[in-house]
Amino acid sequence: MKKIWIVVLAAAATAMVGCVDRAPEQKGVTSYTAPTAHPTVEVAQPAKGLRPKNIVFMIGDGMGLEQLSTAWVANRGALNIDQMPYVGLQRTYCLDWLVTDSAAAGTALATGQKTNKGMVATNPQGEELSSMMDLAQRAGKRTGVVVVCRLNDATPATFCCNNPDRDEAEEITADYLTCGVDYIAGGGMNYWRDERTDGRDIFAEIGAKGYNTYESAEKLMEAESLPVAAVLAPLELPSALSGERGDMFRNMTTKALDMLSRDNDEGFFLMVEGSCIDDWLHANRVDAAVEEILDFDRVVGDVLEWAEKDGQTLVVVTADHATGAMTLLWGDIEEGTVEVNFANEGHNGIMVPYFAYGAGAEKFDGTVENAQLSKMISDYIK
Ligand SMILES: [Zn+2]
């Protein structure tokens, strides 16, 4: 028992490292009433036995069962994720820690292999692992990544880059030059150009390689041809709670679906991350965390509607781990009010849910390792 506590505390301390430069000033908000509820979609499940042409893998960073339950109450008892009929649980621990960080968990989800904490798509020896982004490219599919955090942050990095150390932000960002991903959208311009210590301008370099580059969401909406690199903020995109994000996350994702699918017989693989749920849970801010989950859920609704219309798309939603050791203590479904307790400022070792909808979704059920969930998806890519 004692040993496990030491692991949990050390993990909490380490987990904060990645989020220090965006730690919100106000900490510890434990009750919240969402001002409005977003309407949820209704989608029909396609026939069983289809092999998906397109795959959208959506990750809510830090979004465990407790966080989803809380967001469900805040949205007056409805979420788009509820429309995904195939549900299971996955275990998030990594090779050297019971409580994972986003790098090790992302590596398991992206590559199908567990690794040590802090490692970005490498094995414990530091050797590079292929992600499902790489598999998709080898299979002739188009690929895309859409996040609301810095593109060098752990989760997107595990899909697009390789580095034994998640803190090598400049090296990881430079990896986007050779990742071959067709549609790249997120934040982190400080690491692409504005505050690099090596003087390189990765944003200009990727433009010189033939990417159409965008620095504003409005301009991105006018994009007509791939490949696209859109770096839309110095670090993270504006928070969902502030209202400044508006429909940015939804628009970035819808544009990805549109551009990746157009005149494309081979299909695509797209990873979408609700990245900042985790940051606000580290700060024990239920108000901001709930609004991040609700924004992510609106994107899930858009993706489900798109997938229903397409009929050949698999959508999988999961989390890399849960954060904040959060418990939903009380709430009012009609009012959208929640009251929670946070027992730490780090991650925890509780299983997280996964949800599947669309072509081939019936294959997803049971309690699995995070790496196994990855293999269940990549079996459809190869
Ligand atoms: Zn975290």
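Asker: Sorry, what's going on with the coordination of the zinc ion here?
Answerer: As a benchmark, a tetrahedral metal site with four donors has ideal angles of 109.5 degrees, while an octahedral site with six donors has ideal angles of 90 or 180 degrees. Looking at the zinc ion, the protein donor atoms are Asp278 (OD), Asp278 (OD), His282 (NE2) and His347 (NE2), and they sit 2.1 to 2.5 Å from it. Read in sequence order, the donor residues for the zinc ion give the motif D-x3-H-x64-H. Within this pair, whereas Asp278 is found in helix H11 (residues 277-282), its partner His347 is found in strand E12 (residues 347-348), the two being separated by 69 residues in sequence. Here Asp278 and His347 have matching classes, each one buried.

Asker: Help me understand the nonpolar core, please; the structure alone is not making it clear to me.
Answerer: One recurring pattern in soluble globular proteins: nonpolar side chains tend to sit buried together. By size, the foremost hydrophobic cluster in this structure holds 65 residues, and its most contacted members are Met58, Tyr183 and Val317. The element best represented in this core is helix H12 (residues 286-310), accounting for 12 residues. If near-sequence neighbours (up to four positions away) are discounted, Tyr183 is found in contact with Thr143, Gly144, Val145, Val146, Leu220, Leu226, Val228, Met252, Lys255, Ala256, Met259 and Leu260. Residues Ala110, Val147, Ala229 and Val316 belong to the second largest nonpolar core, which totals 50 residues.

Asker: What exactly am I supposed to notice about the sheet that holds strand E1 (residues 31-33) here?
Answerer: Each strand in a sheet pairs with its neighbour through backbone hydrogen bonds, running either in the same direction (parallel) or in the opposite one (antiparallel). Strand order in this open sheet of three strands is E1-E11-E10, and the pairing throughout is antiparallel. Among the strands making up the open sheet, the edge pair consists of E1 and strand E10 (326-332). With direction set aside, neighbouring strand axes in the sheet form an average angle of 20°. Against the sheet, helix H2 (residues 65-74) engages E10 and strand E11 (337-342), with an angle of about 15° to E10. Most of the contacts of H12 go to E1, to which it runs at about 45°, and overall it touches E1 and E11.

Asker: What is the right way to read the packing of aromatic side chains from this model?
Answerer: Aromatic rings in a pair are described by how distant their centres are and how their planes are angled relative to each other. Under the counting rule described, the total for this entry stands at five aromatic pairs. Ring geometry for Phe159 against Phe269: centres 6.3 Å apart, planes inclined by 15°, an arrangement best described as stacked. Placement of the pair is Phe159 in helix H5 (residues 154-160) and Phe269 in strand E8 (residues 268-274), with a sequence separation of 110 residues. By the burial criterion, Phe159 is buried, and Phe269 matches it.

Asker: Just checking my understanding: could you explain the pairing of E8 for this structure?
Answerer: Residues in a regular strand project their side chains so that they alternate between the two faces of the sheet. Buried residues dominate E8, accounting for seven of its seven residues. Summarising the sheet, strand E2 (residues 54-62) and E8 pair through six bridges and their orientation is parallel. Residue Met58 lies in a different strand from E8, and its bridge partner there is Val272. Here strand E4 (residues 142-150) runs beside E8; their pairing, made up of six bridges, is parallel. Looking across to E8, one finds that Val145 is bridged to Met271.

Asker: Would you explain unusual backbone geometry in this entry?
Answerer: Note on backbone geometry: most residues besides glycine have negative phi, and most peptide bonds are trans. Cis geometry is adopted by the peptide bond preceding Pro227, which originates at Leu226 and carries an omega value of -5°. For Pro227, the location among the structural elements is in the loop between helix H9 (217-221) and strand E7 (228-231). Its identity as a non-glycine residue notwithstanding, Arg76 has a phi of 60°, on the positive side. Relative to the elements of secondary structure, Arg76 occurs in the loop between H2 and strand E3 (86-91). Overall, Arg76 belongs to the partly exposed group, its relative accessible area being 27%. Located in the positive-phi region is Ala325, a residue other than glycine, with phi close to 40°. For Ala325, the location among the structural elements is in the loop between strand E9 (313-323) and E10.

Asker: Please explain the packing of helix H10 (residues 248-261) against H12 as it appears in this structure.
Answerer: If you want to describe how two helices pack, look at the angle between their axes and the distance between the axes. The geometry of H10 relative to H12 is characterised by a closest axis approach of 9 Å and an angle of 25° between their N-to-C directions. Put simply, H10 runs roughly parallel to H12. The way H10 lies across H12 gives a crossing that is right-handed. Of the residues in H12, those in contact with Phe249, Arg250, Thr253, Thr254, Leu257 and Ser261 of H10 are Asp295, Phe296, Arg298, Val299, Asp302, Val303 and Trp306. Across the contact of H10 with H12, the residue classes tally to six nonpolar, three polar and four charged.

Asker: Any chance you could explain H10 here in plain terms?
Answerer: It helps to recall that an α-helix has 3.6 residues per turn; residues three or four apart then point in one direction. With 14 residues, H10 should reach 20 Å at 1.5 Å per residue; the first-to-last C-alpha distance of 20 Å fits that figure. For H10, the full list of buried residues reads Met248, Phe249, Met252, Thr253, Lys255, Ala256, Leu257, Met259 and Leu260. Just downstream of H10, Asp263 is the residue with a positive phi angle, here 45°.

Asker: How should I be thinking about the pattern of salt bridges in this particular structure?
Answerer: Pairing is possible between side chains of opposite charge, provided their charged atoms come close. Under the definition given, this model contains 18 salt bridges. Of the charged contacts, one joins Asp295 and Arg245 as a salt bridge, the two residues approaching to 2.8 Å between their closest N and O atoms. On the criterion of sequence distance, the pair formed by Asp295 in helix H12 and Arg245 in the loop between E7 and H10 is long-range, its members being 50 residues apart. An identical accessibility class is assigned to Asp295 and Arg245; each is buried. Members of the salt-bridge network, linked through shared partners, are Asp101, Arg150, Asp153, Arg166 and Glu236.

Asker: Which parts of the structure should I look at to understand helix H13 (residues 370-378)?
Answerer: In terms of residue burial, H13 counts as a mostly covered element, since seven of its nine residues are buried. Buried within H13 we find Asn370, Ala371, Leu373, Ser374, Met376, Ile377 and Ser378.

Asker: Sorry, what's going on with the environment of Tyr32 here?
Answerer: As for its position among the elements, Tyr32 is in strand E1. Considered as a pair, Tyr32 and Gly336 are 304 residues apart in the sequence and their alpha carbons are 8.1 Å apart. With near-sequence residues (within four places) excluded, Tyr32 lies in contact with Leu241, Val286, Asp287, Val290, Glu291, Gly336, Thr337 and Val338. Side chain to side chain, Tyr32 and Glu291 meet in a polar contact 2.6 Å long.

What counts and what doesn't
Within each chain, residues carry numbers counting from 1 in the order of the written sequence. At least 70 in pLDDT is required for a residue's local features to be given in this predicted model, at least 80 for side-chain atom pairs to be given and counted, and no such filter applies to totals for whole chains, interfaces and linings, which use all residues. Calculation of side-chain values draws on the structure's entire complement of heavy atoms; hydrogens and water are dropped beforehand. Metal sites are built from N, O and S donor atoms within 2.8 Å, or 3.2 Å for Na, K and Ca, and they leave out water, so they may look incomplete. Under the scheme used here, helices are H or I runs from DSSP no shorter than 4 residues and strands are E runs no shorter than 2 residues, and both carry numbers assigned from the N terminus. Relative accessibility thresholds used throughout: buried, under 20% of the residue-type maximum; exposed, over 50%; partly exposed, between the two (1.4 Å probe, protein chains only). Here the nonpolar core consists of buried residues drawn from Ala, Val, Leu, Ile, Met, Phe, Trp, Tyr and Cys, with membership extended through side-chain atoms lying within 4.5 Å. Contacts are residue-level and defined by heavy atoms, with any inter-residue pair within 4.5 Å sufficient. Any two strands with at least two DSSP-identified bridges between them are counted as paired. Lines fitted to C-alpha atoms define the axes, with helix axes restricted to the stretch in contact, and inter-axis angles between N-to-C directions lie between 0 and 180 degrees. Each Phe, Tyr or Trp ring, with Trp reduced to its six-membered ring, pairs with another whose centre is within 6.5 Å; inter-plane angles below 30 degrees give stacked pairs, above 60 give edge-to-face pairs, and intermediate values give tilted ones. The labels follow the angle: roughly parallel below 35 degrees, roughly antiparallel above 145, roughly perpendicular from 65 to 115, and oblique for the rest. Each crossing is labelled by how the near helix is turned from the far one, with a counterclockwise turn of less than a right angle marking it left-handed and a clockwise turn marking it right-handed. Each residue gets one of three labels, nonpolar for Ala, Val, Leu, Ile, Met, Phe, Trp, Tyr, Cys and Pro, charged for Asp, Glu, Lys and Arg, and polar for the others, Gly among them. By definition here, a helix of n residues has an expected span of 1.5 Å times n minus one. Salt bridges, as used here, are contacts in which a Lys or Arg side-chain nitrogen is within 4 Å of a carboxyl oxygen on Asp or Glu. Side-chain atoms alone can form a polar contact between residues adjacent in sequence; in general such a contact is a pair of N or O atoms within 3.5 Å, and within protein one must be able to donate a hydrogen while the other accepts it.

Purely geometric stuff here, so don't read any function into it on its own.
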